[in-house]
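Here are the chains, one letter per residue:
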Amino acid sequence: MPNDTLEALIVDALPRLTRVGAVVRFDLGADGAYVIDARDGRAVLGDEDDDTDCSIRISADNLAKLIQGRMDPMVGYAMGRIKVSGSLEVAMKLVKAIG
């Protein structure tokens, strides 16, 4: 599991993610993964085994930057620092919710 600081950032961001309306997995490679379940009008950390609508491959450091607003998600995607699989519609909702 990734470090406590990153998890605290994610938990603090959960209220902004309620409008995503989907299950999103942040795959941090060797640092683990976080699953956010925002299907029922609230966002909670989910189980890593949950089926996801969208998977975001990103480093732990870049995820922290993204949540803190220090990385533009579109630039990160264009530069290959963020990779998306699954629903691009959900990914776009996530960008709006984070930004």
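Located above this text is the structure these notes cover.
Now for a description of the structure that goes with this document. (Residues numbered from 1 in each chain as written. Predicted model: local features only at pLDDT ≥ 70, side-chain atom pairs only at ≥ 80, totals over all residues. Heavy atoms only, no water.)

### What to know about the sheet that holds strand 4 (residues 54-57)
Two strands in a sheet stick together by hydrogen bonds in their backbones, pointing the same way (parallel) or opposite ways (antiparallel). Here we have five strands laid out as an open sheet, ordered 3-2-1-4-5, and mixed in their pairing. On the outer flanks of this sheet lie strand 3 (44-45) and strand 5 (83-86), each paired with one strand and no other. Sheet analysis places strand 1 (residues 23-27) next to strand 2 (residues 33-37), joined by five bridges and oriented antiparallel. Counted as the bridge partner of Val23 is Asp37 from strand 2. The sheet strands contacting helix 1 (residues 4-13) are strand 2 and strand 3, and the helix crosses strand 2 at an angle near 15°. (Pairing = 2+ DSSP bridges. Helix = DSSP H or I, 4+ residues; strand = E, 2+ residues; numbered from the N terminus. Contact = heavy atoms within 4.5 Å. Axes fitted to C-alpha atoms, helices over the stretch in contact; angles between N-to-C directions.)

### Details of the side chain of Asp37
By the secondary structure assignment, Asp37 is in strand 2. The exposure class assigned to Asp37 is buried, which follows from its relative accessible area of 13%. Ignoring sequence-local partners within four residues, the contact set of Asp37 consists of Ala22, Val23, Arg42, Ala43, Val44, Gly46 and Asp50. (Buried < 20%, exposed > 50% of the residue type's maximum accessible area, 1.4 Å probe, protein only.)

### Points about the side chain of Asn62
Along the chain, Asn62 falls in helix 2 (residues 60-67). Given a relative accessible area of 11%, Asn62 falls into the buried group. Residues in contact with Asn62, not counting those within four places in the same chain, are Met71 and Arg81.

### Topic: helix 1
Along helix 1, the residues classified as buried are Leu6, Leu9, Ile10 and Ala13. One face of helix 1 carries all of its buried residues, which in axial projection span an arc of 95°. Along helix 1, exposed side chains directed more than 90 degrees from the buried face belong to Asp4 and Asp12. Close packing links the buried residues of helix 1 with strand 2, strand 3 and helix 2. (Arc of directions from axis to C-beta.)

### Some remarks on the pattern of salt bridges
Taken as a whole and judged by the stated rule, the model has three salt bridges. Where Arg39 meets Asp37, a salt bridge forms, and the shortest distance between an N and an O atom there is 2.6 Å. With a relative accessible area of 48%, Arg39 lands in the partly exposed category. A salt bridge links Asp61 to Lys65; its shortest N-O distance comes to 3.5 Å. (Salt bridge = Lys/Arg side-chain N within 4 Å of Asp/Glu carboxyl O.)

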